[in-house]
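# Summary of the model geometry
Spelled out, the chains give:
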Amino acid sequence: MSYKTVFSKTDIQTSILEQIRIAFESTANVAATLHGQRKIHQGSFGRRTSLFPSQKCCGAIPLESRLELAHAISLEQNPNVINYRSQALKILLINEQYCFPDFLVQTKEGAYEVHEVKPSIASLSTDDLNRFAKLSNLLHSMDITFKLIDHTDLPSESEISQLLYWYQRGHRFNWNTLEINYALRHLNFEEFYTSQQVYKTLESIGLKQELADYLFFHKKIKLRSENMNSRKVY
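Residues numbered from 1 in each chain as written. Predicted model: local features only at pLDDT ≥ 70, side-chain atom pairs only at ≥ 80, totals over all residues. Heavy atoms only, no water.

As recorded in an unreviewed UniProt entry, the protein chain goes by TnsA endonuclease N-terminal domain-containing protein and comes from Acinetobacter equi.

Turning to helix α6 (residues 195-204), a few remarks are in order. Here α6 has its buried residues at Val198, Tyr199, Thr201 and Leu202. Each buried residue of α6 lies within a common arc of 165° when the element is viewed along its axis, so the set occupies one face. Facing away from the buried side of α6, by more than 90 degrees, are the exposed residues Lys200 and Ser204. As for α6, its buried residues are in contact with α4 (157-170), α5 (177-187) and α7 (210-217). (Buried < 20%, exposed > 50% of the residue type's maximum accessible area, 1.4 Å probe, protein only. Helix = DSSP H or I, 4+ residues; strand = E, 2+ residues; numbered from the N terminus. Arc of directions from axis to C-beta. Contact = heavy atoms within 4.5 Å.)

An order of β3-β6-β7-β8 is seen for the four strands of this open sheet, with the pairing classed as mixed. The open sheet terminates on both sides in strands that have one partner only, identified here as β3 (81-86) and β8 (145-149). Each strand of the sheet is rotated relative to its neighbour by a mean of 25°, with strand direction disregarded. Contacts from helix α1 (residues 9-25) reach β3, β6 (103-107) and β7 (112-117) within the one sheet, and its direction differs from that of β6 by about 80°. Across the face of the sheet, helix α3 (residues 126-140) comes into contact with β7 and β8 while running at roughly 150° to β8. (Pairing = 2+ DSSP bridges. Axes fitted to C-alpha atoms, helices over the stretch in contact; angles between N-to-C directions.)

We now examine the pattern of salt bridges. Going through the model one piece at a time under the given rule, you end up with 10 salt bridges. Ionic pairing is found between glutamate 116 and lysine 118, a salt bridge with its closest N-O pair at 3.6 Å. Residue classification places glutamate 116 among the buried residues on the basis of a relative accessible area of 7%. Because the salt bridges share partners, they merge into one network encompassing Glu18, Arg21 and Glu25. (Salt bridge = Lys/Arg side-chain N within 4 Å of Asp/Glu carboxyl O.)

Structural data, given as structure tokens:
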């Protein structure tokens, strides 16, 4: 005869808090990767898996879709986010059913958030919506915010390519506050239509082109064309 293990709500909450502690205390393995509770196998058939080399997390974050990559980029850009992990939690909901939320996030205020990324929230089944409602209620009881995110909240495929270009070039060097502020003081006096104009301006004051890519990625500066597009009314 088999017996089901019964866990109280307090047991589950304690387990979640312990998993959060372990997740953010963990460091990258010898391959510089930060694996979660559920390991994402790179190159899995039918999945667009990837590793995102996060500066914030000090290691590569395993991802299993382009949507998750888009969200990792958004977390890296978000100044309120100081750390995050993928597949870091294994949470028991009901009837021995577990879920592995996509992202665990730590904010500057010391709060925690759990994010689930889906292609379309509107297309989720009733069962999925009920499951996420249970998860949200459980996390809310622990003062942890749950967010359900879809493609409308994330960079598009073309934007991902541009952001990755800026990210890779912009993080080749460690920029200090003096360099960043010096660059911004000069760049804020003019309006630029192309990245080449920004590169040349930085070079003229003795700074590297890659600093512009860092500023573009972290939304410290924008091109004139981007500012005009953001004011359009559709």
